[in-house]
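Here is what each chain is made of, one letter per residue.
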Amino acid sequence: LNNSENSRYTILVDKLRPYTNYIFRVRCATPAPFFWKWSNWSKNKTDTTQQAQPTRELDIWREKDANDTVTLFWKPLPIFESNGLIETYEIYWTLPDKSTKNESVPASQNSTKIKLWKNDYIFTVKAKNKAGVSPPSSINSAELPVGDVSIEKGIGKDDIISLDWHPDSNVTCGYVVRWCYGPEPCTAVHWETFSSSVTNADIKSAVFQPGVRYTFSVFGCKETGYQLLGYIKGYIQELSPKKAPDFSVQHTTSDSISVKWKNISVEDRRGFLQGYALLCAKGEKDGPAPKYFQSEMNITDLNKDSMTVSGLQGKTGYHLTFRAYTAAGYGPRKALYVVTKENALGLIIAIIIPVSVVLVLAVVTGILCYRKREWIKEVFYPDIPNPEHSKALDFPRDSEGNCNSKTLEMNPCTPNNIEVIQSQSQGLKIEDTAITSPVMEDPPEDGLESESGSHVVVSYCPPIIEEVISNPPEDESAASSQVVYIDVQSMYPAPVKPNEELEADCVVSAGYKPQMQLAVNNFRQLEETSTTEKDSDKG
């Protein structure tokens, strides 16, 4: 610069960014060799560069729904790429009749919905400011048929989730990784675009939260549209489950308990489920919770929703505890108390076995009794003669058909000698004892003597039994006495039955005659008297 006073100086500052505020200030100094310091800075001068055409195309994505509607999304350009204030977004697409249709969307929006009318289109989106429009960004609304969709797990660390996917040789225009921060369907869609040679990415966001699952969809861009290649699910940090599974008893038996559960919702899992733990222990319903469980079952098959605990005791109470766990640990427990049923089979067996044993013993006993029936009959049930079938009293009949009845007649027998233990002051006389024969109660009828010729008298004499009683009392007589058996019929004449009774009953009226106990001395006197009478009758 020259040294002219009151001169104006002009300088061109280039390589500045469009539509950017800049602050300018100036200071000066004398040239060498008189230079020794700078002057003070001038006042600030602020100026803004003019707007320019946006330098980069928009990053766009689309979502189709069941209502035959496509939603176009785009990411706003940063200020250093927009080169000015974006006024509108211009959208163009070609109809089947080759006509072009466009739509302008205000700068405050970053999405729009367009009816497809059962057609797929290639949409072009441009950002527009005062200086011009951005380079076009195009996307095809067509979705290609989905093949085998893989599901992978993303690895989270800090605020980054690392993703890996399998490459596809048919992808020509790159990959798109799409995700949502909230549950599906979401309105705030996020995506990242990668080239065809990239198969992994680190997704970083300050919005990621621990214990929240994020699902990333990987799409491959092909010439005719986009195709879903797979899903990647991940957490930046796993936590233990927030809730216990919905756990219930399906049915019980005498030795098993079947349980069923429902999966925990994704929001309550807060991590990748690794399995379920089922604990079982005996105990009382109102008693304290058991500290030790006799069995612990680890269920690692997440597709299962039921299980049977076997090997239990019948009619016994059990405490069941069920909980889920992730890599961060176990979640809350849910406990149930169940009583197994009574062992009906064991009860039936306990009844059948004794009954079967009794039946077998009864059959064996019956067979033995049948084979030894003659011996058993002879020992326990001997044949007893039936008097009705006996022929001992069958008497021959005469020519007129009358039975030749027989009677028993007792002859005088010598009585047994016994010792008298009680003496009497007076001798017992036979006349003093009234002996009545039951046969003489009915008086004989007339005409009985005419039939007495066919009457047969059978004598019967009881055996002589001699009993001697030793050691008589001192106050009794030392003389011995005897028991005398006398024949009652010998003292009375035998009665004769009438003809009517003989014809009606041919059975002989005979039997045992009563006995009398007399003093020996009196009986001897009676016997001497009887002998004297018989001698007088003979004389």
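In what follows, the structure referred to is the one given above.
Okay, so let's go over this structure. (Residues numbered from 1 in each chain as written. Predicted model: local features only at pLDDT ≥ 70, side-chain atom pairs only at ≥ 80, totals over all residues. Heavy atoms only, no water.)

Quick look at the state of the cysteines
Then, number 1: Under the counting rule described, the total for this entry stands at 1 disulfide.
Then, number 2: The partner cysteine of C173 in its disulfide is C221, sulfur to sulfur 1.7 Å. Negative torsions about the S-S bond denote left-handed disulfides, and the value of about -95 degrees found for C173 with C221 makes this one left-handed. One end of the pair, C173, is in the loop between β12 (160–164) and β13 (175–180); the other, C221, is in strand β16 (residues 214–222), with 48 residues separating them in the sequence. (Disulfide = S-S within 2.5 Å. Helix = DSSP H or I, 4+ residues; strand = E, 2+ residues; numbered from the N terminus.)

Some points on the sheet that holds strand β19 (residues 256–262)
Then, number 1: Strands sit in the order β18-β19-β22 across an open sheet of 3 strands; the sheet is antiparallel. Looking at strand neighbours, the two that pair on one side only are β18 (246–252) and β22 (306–310), the edges of this open sheet. Averaged over all neighbouring strand pairs, the angle between strand axes comes to 25 degrees, with direction disregarded.
Then, number 2: With 6 bridges connecting them, β18 and β19 associate as antiparallel partners. (Pairing = 2+ DSSP bridges. Axes fitted to C-alpha atoms, helices over the stretch in contact; angles between N-to-C directions.)

Focus: the side chain of S137
Then, number 1: By secondary structure assignment, the location of S137 is in strand β10 (residues 137–140).
Then, number 2: Looking at S137, its side chain comes within polar contact range of the main-chain oxygen of L58, at 2.5 Å.
Then, number 3: Look past the residues within four positions of S137 in its chain and what remains in contact with it is E57, L58, I60, F123, T124 and V125. (Polar contact = N/O pair within 3.5 Å; in protein donor to acceptor, adjacent residues only side chain to side chain. Contact = heavy atoms within 4.5 Å.)

A few points about the nonpolar core
Then, number 1: One finds L58, W61, L72, W74, I91 and F123 to be the most contacted residues of the largest nonpolar core, which totals 29 residues.
Then, number 2: The greatest single-element share of this core, amounting to 4 residues, is contributed by strand β4 (residues 69–75).
Then, number 3: When we break this core down by domain, the ones giving at least three residues each are domain 1 (60–139) and domain 2 (150–235).
Then, number 4: Excluding its chain neighbours within four sequence positions, the residues that come into contact with I91 are L72, W74, K101, N102, E103, V105, T112, I114, F123, T124 and V125.
Then, number 5: Judged by nonpolar contacts, the second largest core, of 19 residues, contains V259, L278, C280 and V309. (Core = buried A, V, L, I, M, F, W, Y, C linked by side-chain atoms within 4.5 Å. Buried < 20%, exposed > 50% of the residue type's maximum accessible area, 1.4 Å probe, protein only. Domains from an automatic or database assignment.)

Considering the sheet that holds strand β15 (residues 200–204)
Then, number 1: If you walk across this open sheet you meet the 7 strands as β14-β13-β16-β17-β11-β12-β15, and the pairing is mixed. What marks the edges here is a single partner per strand, and that holds for β14 (189–194) and β15. Between one strand axis and the next, the sheet turns through 30 degrees on average, direction left out of account.
Then, number 2: Relative to β15, β12 is paired through 5 bridges, and the arrangement is antiparallel. The partner of I161 across the bridge, within β15, is I203.

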